[in-house]
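Structure assessment
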Amino acid sequence: MRRARAWLALAAVLAACTALAQERAIPPGELKSGSAFLGSDLRALQNDDFANPGMLWVERGEKLWSEPAGKKTLACASCHKDQSMRGVAASYPKIDKANGKLLNLERRINQCRTERMVAEPLRYESEELLALTAYLARQSLGVPIAARIDGAARAHFETGRAAYHLRRGQMNLSCAHCHDAQWGKRLLSETISQGHPIAYPAYRMEWQTMGSLERRLRACLSGIRAEMLPYGSQEYLDLELFLAWRAQGLPIETPGVRR
Amino acid sequence: MPARIQIPREARRGEVIEVRILIQHPMETGYRHDDVGHLIKRNIIKVLSCRYNGVEVFRADLSSGIAANPYVQFYTVAEASGNLEFTWVDDEGQQGAERQAIAVKG
Amino acid sequence: MKRRDFLAGAAGALALPGAALAQVDPLDPLVRAATNGAPVNKGKVTLVLPQLADNGNSVPIRITVDSPMTAADYVKSIHLYSERNPVPNMANFYLGPRAGKAEINSRVRLAGSQRVTAVAKLSDGTFWYDAAPIVVTLSACLDES
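The following refers to the structure shown. These numbers come from a predicted model, not from an experiment. (Residues numbered from 1 in each chain as written. Chains lettered and ligands numbered in written order. Predicted model: local features only at pLDDT ≥ 70, side-chain atom pairs only at ≥ 80, totals over all residues.)

Moving on: the overall build of chain B. Of the regular secondary structure elements, chain B holds 0 helices and 8 strands. Overall, chain B shows an N-to-C arrangement of helices and strands of β-β-β-β-β-β-β-β. Principal-axis analysis of the C-alpha atoms places the extent of chain B at approximately 60 × 20 × 20 Å. When burial is assessed residue by residue, chain B has 35% of its 106 residues classed as buried. The contacts of chain B with a sequence gap of at least 6 include a subset with a gap of at least 24, amounting to 58%. (Helix = DSSP H or I, 4+ residues; strand = E, 2+ residues; numbered from the N terminus. Buried ≥ 20, exposed ≤ 12 C-beta atoms within 10 Å, placed from the backbone. Contact = placed C-beta atoms within 7 Å.)

Contacts between the two partners involve 20 residues from chain B, matched on the other side by 25 residues from chain C. Elements represented by at least two residues in the side of chain B that touches chain C include exactly β5 (55-62) and β6 (71-77) of chain B. A per-element tally of the side of chain B that touches chain C places β6 of chain B first, with 7 residues. Pairing between β6 of chain B and strand β7 (residues 103-108) of chain C: 2 bridges, direction antiparallel. (Pairing = 2+ DSSP bridges.)

The next subject is the interface of chain A and chain B. Listed per partner, the contact involves 8 residues of chain A and 10 residues of chain B. The element best represented in the side of chain A that touches chain B is helix α3 (residues 54-65) of chain A, accounting for 3 residues.

All names here are of chain A. With respect to the helices, strands and loops of the structure, Ala119 is situated in the loop between α5 (105-116) and α6 (127-139). The exposure class of Ala119 is partly exposed, given the 19 C-beta atoms found within 10 Å. Along the primary structure Ala119 and Ile95 are separated by 24 residues, whereas in three dimensions their C-alpha atoms are 22 Å apart. When near neighbours in sequence (up to four residues on either side) are disregarded, Ala119 contacts Ala69, Gly70, Arg113 and Thr114.

The next subject is unusual backbone geometry. Omega for the bond connecting Tyr92 of chain A with Pro93 of chain A falls within 30 degrees of zero, at -5°, which places this linkage in the cis form. Tracing the backbone shows Pro93 of chain A in the loop between α4 (76-80) and β1 (94-95). Geometrically, the link from Thr254 of chain A to Pro255 of chain A is a cis peptide bond, its omega value of -5° lying close to zero. You will see that Val118 of chain A, though not glycine, has its phi angle at about 50°, which is positive. Structurally, Val118 of chain A is set in the loop between α5 and α6. Assessed through the 13 C-beta atoms surrounding it within 10 Å, Val118 of chain A is described here as partly exposed. Of note in the backbone geometry, Asn36 of chain C takes a positive phi value of approximately 60° without being a glycine.

The next point concerns α5 of chain A. Every α-helix winds through 3.6 residues per turn, so residues three or four apart in the chain are directed the same way. All names here are of chain A. Under the 1.5 Å per step criterion, the end-to-end length of α5 is 16 Å for 12 residues, consistent within 8% with the ideal 16 Å. Leu105, Glu106, Ile109, Asn110 and Arg113 are the residues of α5 that are buried. End-on, the buried residues of α5 take up no more than an arc of 130°, which puts them together on one face. For α5, the secondary structure elements touched by its buried residues are α6. Positive phi appears at Val118, one or two residues downstream of α5, with a value of about 50°. (Expected span 1.5 Å × (residues − 1). Arc of directions from axis to C-beta.)

Set out below in structure tokens:
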């Protein structure tokens, strides 16, 4: 009886995987990072470990990692000590086993700060939060993004997927319209990318500074003349999970340089 | 102001070495507007100077035409062991400094 | 006012990229600030810009001057000019015999397709220049965030 149940469970998982695999608008073999849609100069800038402006934030993040903060005078390094953080960023967004919440890097950092370090949370788009997320993501350079969507994450994944396919704004477009159906084609003078999150936080030319994935999503909403949700909205987080699943297998390349 | 300097750690005397510097600074042009329509005041790095063991070997006058988080690469002759020290000032009078040591053999 | 003089001085300044490069007008007030009216010759300077900028906010630029960079013969300064930016004198770089090699790399902002000019002052008091055209396109979506 147990064996039969085990086989049933396996069959169900396989069916789910296959079903999802069939639903990928861009097959794994055709996934392309945003770097593939840059001009040669910006791609060269991203690949220049010294001149990539995002590295200024990565370096700052490295310093902040060891700086004590809050009532307990703890630094990130106090608990994480010599622990390698390689692969950590590539597994986000993920469910915190302790409280069942879906977290991205920003929320995880702030959860650590408020709960363990008893320190003030860092504001979205603050220099410190950008620096820490950039530093952490950089530790996963080259690691394929691999977010899990099973268990408690499944509901968030479904919400994120619905958000990705929802028509919005004056232009009545969904993410899928451009990034699934029209990637590789021209929009005015630019080539539409597949819209992957693997280079974030990224140095965007339009901002002339570093910005988070959430900031980029807000810019997309602005671009299609839709209302921008406030920073920290659950919808962004669920969408981030969907985007991570959608980009599965692409290596992290933070800090990206983007237009 | 955070900055990164890249020079070789060591060089032969007389060797021409590459010097690179990247400074974190918005180089605010003075032509942008904030979200309520007010002009954001110009704030750029005006002068950047490099001294090699106290002697100025490179200087640059910059304008708003230099990209944000300015990057400059130039060359200098490795004369003696010591320090390359960069200093810069912006419109608000904020001063920045960063140095890197070099060992010169021969 | 200075900007209009600059444009008027350089014949065909608003010509499409790829058109014949006009001469640098040595009497132009901007250039004269660096040259004091001395003639500016084409040569010795090589200005390298991409033909098409990915983004006008950060364009890589390289200026090289053919000079032995000895105590007797070296590049004193390099002056960079834009014909369309609100601030035409983009940067001045001061070198000297201790430079060893007269080459500067940087990243600049360019306000639209235009010709960029680099003028070098040598230790013998002569001035040399190079100019390069570049096409600069705009981003598709406006970012208000």
